[in-house]
Amino acid sequence: MDRNSQDYVRDAAATPGGGGFDYLIVGAGFAGSVLAERLANDMGQRVLVVDKRPHIGGNAYDRYDDAGVLIHPYGPHIFHTNSEDVFDYLSRFTQWRPYQHRVLASVDGQLVPMPINLDTINKLYGLSLTSFEVEKFFESVAEKKDEIKTSEDVVVSKIGRELYNKFFRGYTRKQWALDPSELDSSVTARVPTRTNRDDRYFADKFQAMPLHGYTRMFERMLDHPNIKVMLNTDYREIEEIMPWRRMVYTGPIDAFFDHKYGKLPYRSLRFEHTTIHQEKFQDVGTVNYPNDYAYTRISEFKHITGQTHASTSVVREYPCAEGDPYYPVPRPENAALYKRYEAEAEATPHVVFVGRLATYRYYNMDQVVGQSLAAYRKLRTAHDAQSATSSAVLTSPQPL
Ligand SMILES: Cc1cc2nc3c(=O)[nH]c(=O)nc-3n(C[C@H](O)[C@H](O)[C@H](O)COP(=O)(O)OP(=O)(O)OC[C@H]3O[C@@H](n4cnc5c(N)ncnc54)[C@H](O)[C@@H]3O)c2cc1C
């Protein structure tokens, strides 16, 4: 049964103490759910989580499609981290299935490992180089750059222009509608080049998928009597009618301030999901198409989730300008615009801004969990300090 705002007002009044919610949390993705869980479980705070979407989990939400295949509606989400703290924390809410993501790139009519490694070069050029020789090969084709400023500089200074054109230029232009020479170095710096045969996409210490999916994990995080969840609701619809004291905001920071300095640019994606009535579609989780087609990649979920099923579901990602905000565009002028909003956020002490949209950063899931746990520790410290001060005032001798 759908609950309306009146039900939540009643809940708030019925909470122990009856003083409403301690926290209004905007967004039920990783940032909002980690904060809700910590505030309720560790501090006994009363929390209302609102999300304008019809589900919890934010972009990491997963669900079974009509054929019964577990899919990620917002594109493939692969969990990987070097942080033991983050992994241990999430392990309270899920068991894991070990999974190492592998990606092939379709280049010159062949499927070759991505990130570029020894096998990529040997297959592409019909060679049989050793690790040592491929290192020399990269050195011989690399272009000398005095300063690494753009995404193009990062790649051509490591592996030369030909490989840059085959693997990076087209992909980046599709993804961002900008040439790599116009983009901050951080975009392509994320992708390594290897001289060995390691074909794992990520090299992190922990690489695993939630055994029963992300949504189940979020359900367990939010399963606490002090946490109420309200879906299909923009926080603006209820912020005036709900009693709350502080806010955790995980939506876009520019929207919070009514875009008063202008819109922060984002790149979006259109996802085309298809179910195919055969057991397997491709050999690995993701195949990149840097040079052909309007989409950038095709991902097949069963590789990622480990599900056994007679059918399979894939998603094609078409980058676009309009739509949900997915990727902050990393250019200096955008960082400068974000700084203006960040200054506003710092002057709004009753609201904590956390998560990828509220801090205008491309963050992986583990980074958002780490950022949210750190934000929680700060809240807890401030809360403890405040309680210590008020109890000191109460217990100190009062003048007659
Ligand atoms: C295509 C794609 C693939 C990705 N793949 C990976 C991957 O493989 N591995 C990885 O680690 N990371 C991946 N990520 C990144 C990952 O999605 C993010 O790190 C993570 O989802 C961030 O969590 P969040 O809580 O900050 O934001 P979100 O998940 O976006 O949650 C924010 C929530 O706030 C809600 N909201 C916004 N405004 C309002 C409002 N006004 N009122 C109410 N609710 C509101 C939104 O509906 C949303 O649900 C990927 C991202 C994309 C776009």
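Residues numbered from 1 in each chain as written. Predicted model: local features only at pLDDT ≥ 70, side-chain atom pairs only at ≥ 80, totals over all residues.

(A) Inspection of the overall build of the protein at higher detail. Helix and strand counts for the protein come out as 13 helices and 17 strands. The C-alpha radius of gyration of the protein comes to 24 Å, within 12% of the 21 Å expected for a compact globule of 400 residues. Dimensions along the principal axes, computed over C-alpha positions, put the protein at roughly 90 × 55 × 35 Å. Residue pairs in contact within the protein that sit at least 24 positions apart in sequence constitute 74% of those at least 6 positions apart. (Helix = DSSP H or I, 4+ residues; strand = E, 2+ residues; numbered from the N terminus. Rg over C-alpha atoms; globule rule 2.2 N^0.38 Å. Contact = placed C-beta atoms within 7 Å.)

(B) Main features of the sheet that holds strand 11 (residues 244–249). Read across the sheet, 5 strands follow the order 10-2-1-11-17 without closing on themselves; strand pairing throughout is parallel. Unpaired on one side and paired on the other, strand 10 (227–230) and strand 17 (351–353) mark the two borders of the sheet. Each strand of the sheet is rotated relative to its neighbour by a mean of 20 degrees, with strand direction disregarded. Here 4 bridges tie strand 2 (residues 47–50) to strand 10, and the two strands are oriented parallel to one another. For Val50, the partnering residue across the bridge sits in strand 10 and is Met230. (Pairing = 2+ DSSP bridges. Axes fitted to C-alpha atoms, helices over the stretch in contact; angles between N-to-C directions.)

(C) Structural context of the domain arrangement of the protein. You can read the domains of the protein as domain 1 (5–62 + 213–264 + 329–392) and domain 2 (103–189). Inter-centroid distance (C-alpha atoms) of domain 1 to domain 2 is 39 Å. (Domains from an automatic or database assignment.)

(D) Representation of the sheet that holds strand 14 (residues 297–300) within the structure. An order of 8-7-13-14-15-12-16 is seen for the 7 strands of this open sheet, with the pairing classed as mixed. Each having just a single partner strand, strand 8 (110–114) and strand 16 (327–328) make up the two edges of the open sheet. As defined by bridge partners, strand 14 adjoins strand 15 (residues 312–320) across 4 bridges and the pair is classed as antiparallel. Each bridged residue has a counterpart across the sheet, and for Arg297 the counterpart in strand 15 is Glu317. The strands touched by helix 4 (residues 118–125) within the sheet are strand 7 (103–107) and strand 8, with strand 8 carrying the most contacts at an inclination of about 160 degrees.

(E) How the structure looks around unusual backbone geometry. With an omega of 0 degrees, the peptide bond running from Met114 to Pro115 counts as cis. Mapping Pro115 onto the fold places it in the loop between strand 8 and helix 4. The phi torsion at Asp108 lies on the positive side, around 50 degrees, for a residue other than glycine. Residue placement: Asp108 occurs in the loop between strand 7 and strand 8.

(F) Spatial organisation of the nonpolar core. Residues Leu24, Ile25, Leu35, Ala36, Val47, Leu48 and Val49 are the most contacted members of the largest nonpolar core, which totals 61 residues. Top element by residues in this core is helix 2 (residues 30–43). It accounts for 7 residues. Counting 24 residues, the second largest nonpolar core, distinct from the first, contains Ala105, Ile121, Val156 and Tyr201. (Core = buried A, V, L, I, M, F, W, Y, C linked by C-beta atoms within 7 Å. Buried ≥ 20, exposed ≤ 12 C-beta atoms within 10 Å, placed from the backbone.)

(G) View of the UniProt feature "domain: UDP-galactopyranose mutase C-terminal" (unreviewed entry) in the protein. Feature annotation in UniProt assigns "domain: UDP-galactopyranose mutase C-terminal" (unreviewed entry) to the following positions: residues 166–362. The span residues 166–362 carries 26% helix and 24% strand; its end-to-end C-alpha distance comes to 25 Å. (UniProt positions renumbered as here; feature names shortened; annotations may be inferred.)

(H) Focus on the site of the ligand. Gly27, Gly29, Gly58, Gly251 and Gly355 are the nearest of the 33 residues found near the ligand. At the level of secondary structure, the elements contributing two or more residues to the shell around the ligand comprise helix 2 and helix 13 (365–395). Of the residues belonging to the shell around the ligand, the class tally is 16 nonpolar, 11 polar and 6 charged. (Near = placed C-beta within 6 Å. Nonpolar A, V, L, I, M, F, W, Y, C, P; charged D, E, K, R; others polar.)

(I) Quick peek at the confidence of the model for the protein. Averaged over every residue, the pLDDT of the protein is 93; residues scoring 70 or more account for 93%. Within the model, pLDDT remains below 50 along residues 395–400, and this stretch shows 0 contacts once partners closer than five positions in the same chain are excluded. (pLDDT = per-residue confidence, 0-100.)

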